[in-house]
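Residues per chain are reported as follows:
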Amino acid sequence: MKALISNNKRTERVFLIGLELKSRSAFDLRDSMDELSELATSAGADVIGDGTQKLDTPVAGTFIGTGKAKEFANDCREQDVDTVIFDDELSPAQSRNLEEVFGCKILDRTSLILDIFAQRARSKEGKLQIELAQLQHLLPRLTRFWGHLSRQKGGIGMRGDGETQLETDRRRVQDRISKILGELDIVRRQRSTQRNGRQRKLWPLASIVGYTNAGKSTLLNALTGASVFAEEKMFATLDPTTRRLRLPTNQNVLLTDTVGFIRKLPHGLVEAFKATLEEVVEADLLLHVVDMSHPQAEEQIVAVNAVLEEIGAAGKPTIMVFNKIDRFENQDLLNKFYERFPHAVGISAKTGAGIPSLLAEIGTQLRPIREFVELDVPHHHSATIARLHEVAQVIERNYEGVNARFKARIPPHFHAEFAPFIVQELQTV
Ligand SMILES: Nc1nc2c(ncn2[C@@H]2O[C@H](COP(=O)(O)OP(=O)(O)OP(=O)(O)O)[C@@H](O)[C@H]2O)c(=O)[nH]1
Ligand SMILES: [Mg+2]
């Protein structure tokens, strides 16, 4: 499916609408609206203005009050607005009713995020996943307005009109969904074969997670010399990239950079990206990157933790990485954060400040998952000795006796292979 917003020839003019509910303070609403504006800009749109309304609960039919809706609709017509974007997810009926009042395209936060993902997806799997999430979101919202749109764009071709057309539209969307599911299955099987390759078994896996724009890709680049695309836009990264990182202790780690998280991340999207996020679920260690220079750093930590919970990756060993300290001057506040997260490391992925401390912390965190043992290997078992140096971290070696002696940290899944030579378990320090 094509991106919803970027298709137009001129820059799409959008108007944003949010509700200040009883359960939500004006301050929360302002943050959320600012973020919505950032999202719209990231999608390539031109934000013309925004409006909010204070209500106890959303109005069933039109989300905001009908009077207010008409008032906004007039403003929008005057300002030649193409699209109105609501800060919360609209029900299919609400979208339809609002379309009638405004006479233009209505999107909600979810479809906006989906649109950005659609523009950014590069890999086959990424593209399929996002199309699936978009279609699943669109299906119940498919109106004549949409049918009309897709025909204009030469999308889903239509015969007839009215309800018949809509039915055909729906059936086609459903057919496409089934087809994508089949294709995704094939792509995923291929990927899991690659992932279970040699390296994955050999080395522990650390995943970089964090709010969108926190600096995850910049960190991967800084640590591994990779050249992953990093930029000011939200959701610059969609497809996971994995690189090997060799720690100063000579230990190898596989480091994965992946898609950023956001508040109110559409549930369908999390579902669709679950396979991509498997790296996070399987990781031995998480690096949770936080943009300390962002006024909502705290809320972003909470949002990231909520997504980790949702994908089943909560409770993993985690290093909090306080990034962008080059832009952050409030040392008192930083110290407060350190108090709450004792193993946190402050860094600047941009200038490289703090990177050595981060590497040391990664080494420390990964150490307990390897057993520290003493081995006694006859000299003629040269293959075993070579293998030990390949997969373990050898701390001490002594070739002088009848047998060669080693002190080494061994990943748990190699225990069986070296068990015949292990003479004692050593205390991990
Ligand atoms: N000042 C400063 N800017 C940084 C730092 N780290 C990253 N940035 C900037 O922050 C922006 C986002 O960085 P990315 O690395 O793309 O962030 P990300 O977390 O990968 O973002 P998504 O992939 O979009 O979720 C870029 O403009 C970076 O140059 C830092 O330590 N200091
Ligand atoms: Mg990125």
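Refer to the structure presented above.
## Quick word on the environment of Gln393
Step number 1: Note that Gln393 resides in strand E12 (residues 393–398).
Step number 2: For Gln393, a relative accessible area of 9% corresponds to the buried category.
Step number 3: Along the chain, Gln393 and Asn252 lie 141 residues apart, while their C-alpha atoms are 8.9 Å from each other.
Step number 4: Apart from the residues lying within four places of it in its own chain, the contact partners of Gln393 are Thr249, Gln251, Arg370, Lys407, Ala408 and Arg409.

## Structural notes on unusual backbone geometry
Step number 1: The backbone of Asp80 sits at a positive phi, close to 55°, despite the residue not being glycine.
Step number 2: Mapped onto the elements, Asp80 comes out in the loop between helix H2 (66–78) and strand E3 (83–86).

## Remarks on the site of ligand 1
Step number 1: In the vicinity of ligand 1, 23 residues are found, and the nearest of them are Lys216, Thr218, Ala236, Thr237 and Asp326.
Step number 2: The side chain of Thr212 places a nitrogen or oxygen atom 3.2 Å from an oxygen atom of ligand 1.
Step number 3: Taking Asp326, its side chain carries an N or O atom lying 2.7 Å from a nitrogen atom of ligand 1.
Step number 4: Protein chains shield 94% of the accessible area of ligand 1, which is 650 Å² for the free molecule.
Step number 5: Taken together, the residues that form the shell around ligand 1 break down as six nonpolar, nine polar and eight charged.

## Remarks on the side chain of Asp82
Step number 1: For Asp82, the location among the structural elements is in the loop between H2 and E3.
Step number 2: A polar contact is formed between the side chain of Asp82 and the backbone nitrogen of Arg13, at a distance of 2.7 Å.

## Considerations on helix H14 (residues 355–366)
Step number 1: Compared with the 16 Å implied by 1.5 Å per residue over twelve residues, the 17 Å span of H14 between its first and last C-alpha is a close match.
Step number 2: Along H14, the residues classified as buried are Ile355, Leu358, Leu359, Glu361, Ile362, Gly363 and Leu366.
Step number 3: For H14, the secondary structure elements touched by its buried residues are helix H9 (216–224), strand E6 (241–246), strand E7 (252–257), strand E8 (285–291), strand E9 (318–323) and strand E10 (345–346).

## Section: the nonpolar core
Step number 1: Grouped together as the largest cluster of nonpolar side chains are 46 residues, with contacts concentrated most on Phe117, Phe235 and Leu269.
Step number 2: Sorting the residues of this core by element identifies strand E1 (13–21), helix H1 (26–42), helix H4 (109–120), helix H5 (124–138), strand E5 (205–210), helix H10 (267–272) and helix H12 (297–310) as the ones contributing at least two each.
Step number 3: Here this core gets six residues from one element, more than from any other, and that element is H4.
Step number 4: Counting 25 residues, the second largest nonpolar core, distinct from the first, contains Ala226, Val253, Val321 and Val345.

## What about the environment of Leu21?
Step number 1: Examined against the element boundaries, Leu21 turns out to sit in strand E1.
Step number 2: The buried category is assigned to Leu21, whose relative accessible area is 19%.
Step number 3: Each C-alpha atom of the pair Leu21 and Thr57 lies 6.1 Å from the other, and the pair is 36 residues apart in sequence.
Step number 4: Those residues in contact with Leu21, other than ones at most four positions away along the chain, are Leu55, Asp56, Thr57 and Pro58.

## Let's talk about the sheet that holds E1
Step number 1: Spatially, four strands are ordered E2-E1-E3-E4 in an open sheet, and the strand pairing comes out parallel. If you trace the sheet from one side to the other, it starts and ends with strand E2 (46–55) and strand E4 (105–108), each paired once. The sheet shows a mean angle of 25° between the axes of neighbouring strands, taken without regard to direction.
Step number 2: As paired strands, E3 and E4 are joined by four bridges and run parallel to one another. Bridging across to E4, Ile85 finds its partner in Leu107.

Calculation notes
- Residues numbered from 1 in each chain as written.
- Chains lettered and ligands numbered in written order.
- Predicted model: local features only at pLDDT ≥ 70, side-chain atom pairs only at ≥ 80, totals over all residues.
- Heavy atoms only, no water.
- Helix = DSSP H or I, 4+ residues; strand = E, 2+ residues; numbered from the N terminus.
- Buried < 20%, exposed > 50% of the residue type's maximum accessible area, 1.4 Å probe, protein only.
- Contact = heavy atoms within 4.5 Å.
- Near = heavy atom within 4 Å.
- Polar contact = N/O pair within 3.5 Å; in protein donor to acceptor, adjacent residues only side chain to side chain.
- Areas by Shrake-Rupley, 256 points an atom, 1.4 Å probe, with all protein chains shown as cover.
- Nonpolar A, V, L, I, M, F, W, Y, C, P; charged D, E, K, R; others polar.
- Expected span 1.5 Å × (residues − 1).
- Core = buried A, V, L, I, M, F, W, Y, C linked by side-chain atoms within 4.5 Å.
- Pairing = 2+ DSSP bridges.
- Axes fitted to C-alpha atoms, helices over the stretch in contact; angles between N-to-C directions.

These figures come from the coordinates and say nothing about function on their own.
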